[in-house]
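Per-entry structural report
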Amino acid sequence: PTRGPYAKNLRDATRYLLERSQRNGLITEVNEESRSMYGHGFAMLFLSQVYGTEEDEEKQARVRDVLKRGIGLIQRSQSRAGGWLYTPDASGDEGSVTVTQVQALRGCRNAGLAVPKSVIDGAIRYIERSQNPDGGIAYRVGAGPSRPAITAAACAVLYNAGQYDSPAAAKCFQYAWRHCQPNATGDGFYFYTQLYMSQACWQRGGQEWERYFPVMRDRLVALQ
């Protein structure tokens, strides 16, 4: 937000999000209230990156305040099972919203803000309990077959949480590797799947990333 040809665009986007921060910490628009936790998670992830690059102390302090209150909102809205659902007061959970909140918290933690370890531990347990015997992740705990898109996302989140060597992460990646290649459909969520599959492969590194990246890169360029 402070340099380069798109600095103004980033400043405008930052101002927009800060103005949507409510007193309880939720970042949302009125027309998004039915699924506000999605937008909140992505807004928090964006602002956590801005916070680390903002040079104006007053603006940085405002971003920090919004992030701290946003972390509190995520903590308060976590279900007993360890996940999150579409709204802060839903008292339920499902995989894709859970992934979004963990990504947001990881971004905040990387930027130097305090994130309760118990919240992350609860989210990891939730993902582990959502795992089927084939290694894939279901829509929510005990809710049917594995879903490639959510599995790719969950794998990236497990790695973000430092679970690089856990059995759950290994099984998760193996399922994703079988079902989330660049030529796979992603069960109708192709770009969502590859957004997270690319992160999982990058964090895993080695031959999987070396095999995945050139194919995905060429496919994206061809699809444009």
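So, here is what we can say about the structure in this document. (Residues numbered from 1 in each chain as written. Predicted model: local features only at pLDDT ≥ 70, side-chain atom pairs only at ≥ 80, totals over all residues. Heavy atoms only, no water.)

The subject of this paragraph is the overall build of the protein. A tally of helices and strands in the protein yields 9 helices and 0 strands. Listing each helix as α and each strand as β along the protein from the N terminus yields α-α-α-α-α-α-α-α-α. Rg of the C-alpha trace for the protein: 18 Å, near the compact-globule value of 17 Å for 224 residues, within the 12% margin. Taken along the three principal axes of its C-alpha coordinates, the protein extends 50 × 40 × 35 Å. When burial is assessed residue by residue, the protein has 48% of its 224 residues classed as buried. Restricting to contacts in the protein with at least 6 residues of sequence separation, those with at least 24 account for 62%. The protein carries 27 positive and 22 negative side-chain charges, and their two centres are separated by 3 Å. (Helix = DSSP H or I, 4+ residues; strand = E, 2+ residues; numbered from the N terminus. Rg over C-alpha atoms; globule rule 2.2 N^0.38 Å. Buried < 20%, exposed > 50% of the residue type's maximum accessible area, 1.4 Å probe, protein only. Contact = heavy atoms within 4.5 Å. Lys, Arg positive; Asp, Glu negative; His and termini not counted. Charge placed at Lys NZ, Arg CZ, Asp CG, Glu CD.)

The tendency in soluble globular proteins is for nonpolar side chains to be buried side by side. Of all hydrophobic cores here, the largest spans 55 residues; its most connected members are Met44, Leu47, Leu67, Trp84, Phe173 and Met197. For this core, the element with the most residues is helix 6 (residues 148-160), which contributes 9 residues. The residues touching Phe173, leaving out its near neighbours within four places in the chain, are Cys155, Tyr159, Met197, Ala200, Cys201, Arg204 and Glu208. (Core = buried A, V, L, I, M, F, W, Y, C linked by side-chain atoms within 4.5 Å.)

Taking 1.5 Å as the rise per residue, helix 6 with 13 residues should run 18 Å; its terminal C-alpha atoms sit 18 Å apart, in good agreement. Burial of helix 6 is extensive: 13 of the 13 residues sit out of reach of the surface. Note on helix 6: the residue one or two positions beyond its end, Gly162, has a positive phi of about 85°. (Expected span 1.5 Å × (residues − 1).)

All right, on to unusual backbone geometry then. A positive phi is found at Ser91, a non-glycine position, where the angle reads about 60°. Secondary-structure assignment places Ser91 in the loop between helix 3 (57-77) and helix 4 (95-110).

Further remarks concern the side chain of Thr100. You can see Thr100 is positioned in helix 4. From its side chain, Thr100 meets the backbone oxygen of Ser96 in a polar contact 2.9 Å long. Excluding its chain neighbours within four sequence positions, the residues that come into contact with Thr100 are Met37, Tyr38, Gly41 and Phe42. (Polar contact = N/O pair within 3.5 Å; in protein donor to acceptor, adjacent residues only side chain to side chain.)

Turning to the packing of helix 1 (residues 7-19) against helix 3, a few remarks are in order. Put simply, helix 1 and helix 3 touch, their axes get as near as 11 Å, and they point 45° apart. Our classification of the angle between helix 1 and helix 3 gives oblique. Considering only the axes of helix 1 and helix 3, their crossing is left-handed. On the side of helix 1, the interface is formed by Arg11, Thr14, Leu18 and Glu19, while helix 3 contributes Lys59, Arg62, Val63 and Val66. Each residue belonging to the contact of helix 1 with helix 3 can be placed in one class, and the counts come to 3 nonpolar, 1 polar and 4 charged. (Axes fitted to C-alpha atoms, helices over the stretch in contact; angles between N-to-C directions. Parallel < 35°, antiparallel > 145°, perpendicular 65-115°, else oblique. Left-handed = near helix turned anticlockwise from the far one by under 90°. Nonpolar A, V, L, I, M, F, W, Y, C, P; charged D, E, K, R; others polar.)

Honestly, that's just the spatial picture; any functional story needs more than this.
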